[in-house]
Amino acid sequence: MQGKTIVLDPGHGGKDVGSTGGNGTYEKDVTLRTALNVRNKLVQQGANVVMTRDADTTISLGARTAVAQTENADLFISIHFDAFQTSDVYGMTMFYNKPQDEGIAQKIHDQIFKSDMNTKDRGVRFGDYHVIRENTKPAVLLELGYISNKNEEARMQTDAFQEQISTAIASGVENSLR
Ligand SMILES: [Zn+2]
(Lines give C-alpha, C1' and ligand atoms only; values in the text may rest on other atoms or scores of the structure.)
Protein backbone atom coordinates (compact mmCIF):
# COMPACT_ATOMS: atom_id res chain seq x y z
CA MET A 1 0.00 0.00 0.00
CA GLN A 2 3.07 2.25 -0.05
CA GLY A 3 2.46 5.29 -2.21
CA LYS A 4 -1.31 4.76 -2.34
CA THR A 5 -3.63 7.55 -1.23
CA ILE A 6 -7.03 6.59 0.14
CA VAL A 7 -9.65 9.22 0.94
CA LEU A 8 -12.11 8.11 3.60
CA ASP A 9 -15.43 9.93 3.77
CA PRO A 10 -17.46 9.44 6.96
CA GLY A 11 -21.03 10.16 5.84
CA HIS A 12 -22.89 13.19 7.21
CA GLY A 13 -21.54 15.20 10.17
CA GLY A 14 -22.22 18.39 12.10
CA LYS A 15 -25.72 19.72 11.40
CA ASP A 16 -26.44 16.69 9.20
CA VAL A 17 -26.86 13.78 11.61
CA GLY A 18 -27.81 11.29 8.88
CA SER A 19 -30.26 8.60 9.97
CA THR A 20 -31.25 8.20 13.61
CA GLY A 21 -31.67 4.79 15.22
CA GLY A 22 -34.49 3.69 17.52
CA ASN A 23 -32.16 4.09 20.49
CA GLY A 24 -31.06 7.55 19.40
CA THR A 25 -27.85 6.63 17.59
CA TYR A 26 -26.82 9.17 14.97
CA GLU A 27 -25.47 7.78 11.73
CA LYS A 28 -22.86 10.58 11.59
CA ASP A 29 -21.22 9.28 14.79
CA VAL A 30 -20.96 5.65 13.67
CA THR A 31 -19.66 6.59 10.22
CA LEU A 32 -16.88 8.65 11.83
CA ARG A 33 -15.93 5.95 14.30
CA THR A 34 -15.84 3.32 11.55
CA ALA A 35 -13.83 5.51 9.18
CA LEU A 36 -11.26 6.27 11.89
CA ASN A 37 -10.86 2.53 12.52
CA VAL A 38 -10.46 1.87 8.79
CA ARG A 39 -7.88 4.66 8.68
CA ASN A 40 -5.84 2.96 11.41
CA LYS A 41 -5.82 -0.33 9.51
CA LEU A 42 -4.84 1.29 6.21
CA VAL A 43 -2.08 3.32 7.83
CA GLN A 44 -0.73 0.09 9.38
CA GLN A 45 -0.65 -1.31 5.82
CA GLY A 46 1.45 1.65 4.71
CA ALA A 47 -1.18 3.71 2.90
CA ASN A 48 -1.49 7.48 2.93
CA VAL A 49 -4.99 8.18 4.29
CA VAL A 50 -6.87 11.47 4.07
CA MET A 51 -10.21 12.02 5.83
CA THR A 52 -12.91 14.34 4.46
CA ARG A 53 -13.64 14.99 8.14
CA ASP A 54 -12.13 13.64 11.35
CA ALA A 55 -14.49 15.41 13.74
CA ASP A 56 -18.20 16.23 13.99
CA THR A 57 -18.22 18.91 11.32
CA THR A 58 -20.63 19.87 8.54
CA ILE A 59 -19.14 19.28 5.07
CA SER A 60 -20.83 19.70 1.70
CA LEU A 61 -20.97 16.86 -0.79
CA GLY A 62 -18.96 18.94 -3.26
CA ALA A 63 -16.21 19.54 -0.71
CA ARG A 64 -16.01 15.77 -0.10
CA THR A 65 -15.42 14.88 -3.74
CA ALA A 66 -12.99 17.80 -4.07
CA VAL A 67 -10.72 16.13 -1.50
CA ALA A 68 -10.35 13.10 -3.77
CA GLN A 69 -9.29 15.35 -6.62
CA THR A 70 -6.88 17.60 -4.72
CA GLU A 71 -5.24 14.61 -3.01
CA ASN A 72 -5.10 12.71 -6.31
CA ALA A 73 -6.69 9.74 -4.53
CA ASP A 74 -6.23 6.18 -5.73
CA LEU A 75 -9.56 5.41 -4.08
CA PHE A 76 -12.38 7.31 -2.35
CA ILE A 77 -14.57 5.42 0.11
CA SER A 78 -17.73 6.90 1.56
CA ILE A 79 -19.00 5.14 4.70
CA HIS A 80 -22.69 5.06 5.62
CA PHE A 81 -25.30 3.15 7.58
CA ASP A 82 -28.69 2.62 6.02
CA ALA A 83 -32.22 3.24 7.23
CA PHE A 84 -35.66 2.05 6.20
CA GLN A 85 -39.22 2.85 7.28
CA THR A 86 -39.64 -0.58 8.84
CA SER A 87 -37.22 -2.05 11.37
CA ASP A 88 -37.13 -5.58 9.92
CA VAL A 89 -34.79 -4.67 7.04
CA TYR A 90 -31.09 -5.33 7.62
CA GLY A 91 -27.86 -6.08 5.79
CA MET A 92 -25.03 -4.44 3.92
CA THR A 93 -24.80 -3.05 0.37
CA MET A 94 -21.74 -1.92 -1.58
CA PHE A 95 -22.38 0.78 -4.20
CA TYR A 96 -20.44 1.93 -7.24
CA ASN A 97 -21.51 4.50 -9.82
CA LYS A 98 -19.11 4.07 -12.73
CA PRO A 99 -18.73 0.68 -14.41
CA GLN A 100 -14.95 0.75 -13.87
CA ASP A 101 -15.50 0.98 -10.11
CA GLU A 102 -17.72 -2.10 -9.85
CA GLY A 103 -14.71 -4.39 -9.38
CA ILE A 104 -13.50 -2.34 -6.41
CA ALA A 105 -16.88 -2.57 -4.71
CA GLN A 106 -16.90 -6.30 -5.44
CA LYS A 107 -13.48 -6.88 -3.88
CA ILE A 108 -14.43 -4.99 -0.71
CA HIS A 109 -17.73 -6.88 -0.63
CA ASP A 110 -15.95 -10.22 -0.96
CA GLN A 111 -13.61 -9.50 1.97
CA ILE A 112 -16.51 -8.37 4.14
CA PHE A 113 -18.59 -11.47 3.50
CA LYS A 114 -15.62 -13.80 3.68
CA SER A 115 -15.32 -12.88 7.33
CA ASP A 116 -18.69 -14.31 8.46
CA MET A 117 -20.30 -10.92 8.97
CA ASN A 118 -23.53 -12.46 10.24
CA THR A 119 -25.77 -10.11 8.31
CA LYS A 120 -27.70 -10.14 5.05
CA ASP A 121 -25.63 -9.79 1.89
CA ARG A 122 -27.51 -7.18 -0.16
CA GLY A 123 -24.88 -7.32 -2.84
CA VAL A 124 -22.90 -4.94 -5.04
CA ARG A 125 -25.14 -2.41 -6.78
CA PHE A 126 -25.19 0.67 -8.95
CA GLY A 127 -25.88 3.74 -6.81
CA ASP A 128 -26.71 7.27 -7.95
CA TYR A 129 -25.06 9.07 -5.02
CA HIS A 130 -23.41 12.46 -5.44
CA VAL A 131 -20.09 11.57 -3.81
CA ILE A 132 -19.49 8.64 -6.16
CA ARG A 133 -21.24 10.07 -9.24
CA GLU A 134 -19.44 13.42 -9.20
CA ASN A 135 -16.07 11.95 -8.26
CA THR A 136 -13.20 12.13 -10.74
CA LYS A 137 -11.35 9.35 -8.87
CA PRO A 138 -12.27 5.69 -8.30
CA ALA A 139 -15.05 5.80 -5.72
CA VAL A 140 -17.37 3.49 -3.80
CA LEU A 141 -20.03 4.00 -1.14
CA LEU A 142 -20.52 1.37 1.56
CA GLU A 143 -23.76 0.92 3.52
CA LEU A 144 -22.59 -1.16 6.46
CA GLY A 145 -25.84 -2.02 8.19
CA TYR A 146 -29.27 -0.63 9.02
CA ILE A 147 -29.40 1.83 11.88
CA SER A 148 -33.19 1.42 11.70
CA ASN A 149 -32.81 -2.24 12.71
CA LYS A 150 -32.47 -2.68 16.46
CA ASN A 151 -29.91 -5.50 16.29
CA GLU A 152 -27.73 -3.74 13.77
CA GLU A 153 -27.96 -0.42 15.60
CA ALA A 154 -26.58 -2.11 18.73
CA ARG A 155 -24.03 -4.22 16.93
CA MET A 156 -22.45 -1.47 14.84
CA GLN A 157 -21.30 0.19 18.06
CA THR A 158 -19.49 -2.81 19.51
CA ASP A 159 -15.70 -3.04 19.47
CA ALA A 160 -15.99 -6.53 17.94
CA PHE A 161 -17.98 -5.28 14.95
CA GLN A 162 -15.74 -2.26 14.50
CA GLU A 163 -12.65 -4.44 14.49
CA GLN A 164 -14.17 -6.95 12.07
CA ILE A 165 -15.52 -4.45 9.58
CA SER A 166 -12.45 -2.21 9.53
CA THR A 167 -10.15 -5.19 9.02
CA ALA A 168 -12.32 -6.51 6.17
CA ILE A 169 -12.55 -3.13 4.42
CA ALA A 170 -8.80 -2.58 4.67
CA SER A 171 -8.14 -6.03 3.16
CA GLY A 172 -10.63 -5.37 0.39
CA VAL A 173 -8.98 -2.06 -0.40
CA GLU A 174 -5.59 -3.73 -0.59
CA ASN A 175 -6.99 -6.38 -2.95
CA SER A 176 -8.62 -3.79 -5.17
CA LEU A 177 -5.42 -1.73 -5.53
CA ARG A 178 -3.13 -4.67 -6.13
ZN1 LIG B 1 -25.85 8.05 5.13
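Scope of this entry: the structure provided in the associated data block. Sequence order as written defines residue numbering, which begins from 1 separately in each chain. Reporting in this predicted model follows two pLDDT cut-offs: at least 70 for local features of residues, and 80 or more for side-chain atom pairs to be given and counted; totals over whole chains, interfaces and linings ignore these cut-offs and use all residues.

1. With respect to the overall build of the protein
Stage number 1. Counting secondary structure elements, the protein contains six helices and six strands.
Stage number 2. Listed N to C, the secondary structure of the protein is β-α-β-α-β-β-α-β-α-β-α-α in terms of helices and strands.
Stage number 3. The reference for a compact globule is 2.2 Å times residues^0.38; the radius of gyration itself is calculated from the C-alpha atoms. Relative to its length of 178 residues, the protein is compact, with a C-alpha radius of gyration of 15 Å against a globular reference of 16 Å.
Stage number 4. Each residue is classed by its C-beta neighbour count within 10 Å, where at least 20 other C-beta atoms makes it buried, 12 or fewer makes it exposed, and intermediate counts make it partly exposed; the C-beta atoms are placed from backbone geometry. For the protein, the proportion of its 178 residues judged to be buried stands at 46%. Elements are defined by DSSP. Helices are runs of H or I of four residues or more, strands are runs of E of two residues or more, and each kind is numbered from the N terminus.

2. Some details on the packing of helix α1 (residues 27-44) against helix α6 (residues 159-177)
Stage number 1. Remark: α1 packs on α6, axes separated minimally by 8 Å, with the N-to-C direction vectors making an angle of 50 degrees. As summarised for this structure, α1 and α6 are arranged oblique, according to the angle between their axes. In this structure, the crossing between α1 and α6 has a hand that is right-handed. Residues R33, T34, N37, V38, K41 and L42 of α1 touch α6, and the partners they reach there are Q162, I165, S166, T167, I169, A170 and V173.
Stage number 2. By residue class, the composition of the contact of α1 with α6 is six nonpolar, five polar and two charged. The convention used is that axes are lines fitted to C-alpha atoms, helices contributing only their stretch in contact, and that angles between N-to-C directions extend from 0 to 180 degrees. Under this scheme an angle from 65 to 115 degrees is roughly perpendicular, one under 35 degrees roughly parallel, and one over 145 degrees roughly antiparallel; angles in between are oblique. Each helix crossing is assigned a hand: it is left-handed if the near helix lies turned anticlockwise from the far helix by less than a right angle, otherwise right-handed if that turn is clockwise. Residue pairs are scored as contacts if the distance between their C-beta atoms, which are placed from the backbone, is within 7 Å. Throughout, the ten residues Ala, Val, Leu, Ile, Met, Phe, Trp, Tyr, Cys and Pro are labelled nonpolar, Asp, Glu, Lys and Arg are labelled charged, and all others, Gly among them, are labelled polar.

3. What about the environment of S115?
Stage number 1. Inspection of the secondary structure assignment puts S115 in the loop between α3 (102-114) and β5 (121-126).
Stage number 2. For S115, the residues in contact, after removing those within four places along its chain, are Q164 and A168.

4. Things to note about unusual backbone geometry
Stage number 1. One non-glycine residue, D116, lies in positive phi territory at about 50 degrees.
Stage number 2. Take D116: it is sitting in the loop between α3 and β5.
Stage number 3. Located in the positive-phi region is N118, a residue other than glycine, with phi close to 55 degrees.
Stage number 4. With respect to the helices and strands, the residue N118 is situated in the loop between α3 and β5.

5. Quick notes on the pairing of strand β6 (residues 139-146)
Stage number 1. Within β6, eight of the eight residues are buried, leaving the element largely enclosed by the surrounding structure.
Stage number 2. By the convention used here, strands pair only if DSSP detects at least 2 bridges between them. Bridge analysis of strand β3 (residues 75-82) against β6 gives six bridges, and the strand direction is parallel. Across the sheet, residue S78 finds its bridge partner in β6, namely L141.
Stage number 3. Relative to β6, strand β4 (residues 92-96) runs antiparallel, the two sharing four bridges. By the bridge assignment for β6, T93 is matched with E143.

6. Concerning the pairing of β3
Stage number 1. Summarising burial for β3: eight of the eight residues are buried, a large majority.
Stage number 2. Side-chain alternation along β3 places L75, I77, I79 and F81 on one buried face and F76, S78, H80 and D82 on a second face that is also buried.
Stage number 3. Here strand β1 (residues 5-10) pairs with β3 via five bridges, running parallel. Its bridge partner being in β3, I6 is matched across the sheet by L75.

7. With respect to the packing of α3 against α6
Stage number 1. Viewed as axis vectors pointing N to C, α3 and α6 meet at an angle of 140 degrees, and their least axial separation amounts to 8 Å. Between α3 and α6, the crossing angle belongs to the class labelled oblique. When the axes of α3 and α6 are compared, the crossing they make is right-handed. Where α3 abuts α6, its residues G103, I104, K107, I108, D110, Q111 and I112 lie against A168, I169, S171, G172, V173, N175 and S176.
Stage number 2. Each residue belonging to the contact of α3 with α6 can be placed in one class, and the counts come to six nonpolar, six polar and two charged.

8. A short note on the nonpolar core
Stage number 1. Formed by 43 residues in total, the largest nonpolar core has its most connected members in I6, I108 and V140.
Stage number 2. The contact partners of V140, leaving out residues within four places of it in the chain, are I77, M94, F95, Y96, D101, I104, A105, I108 and I132. The term nonpolar core means buried Ala, Val, Leu, Ile, Met, Phe, Trp, Tyr and Cys residues held together as one set by C-beta atoms within 7 Å.

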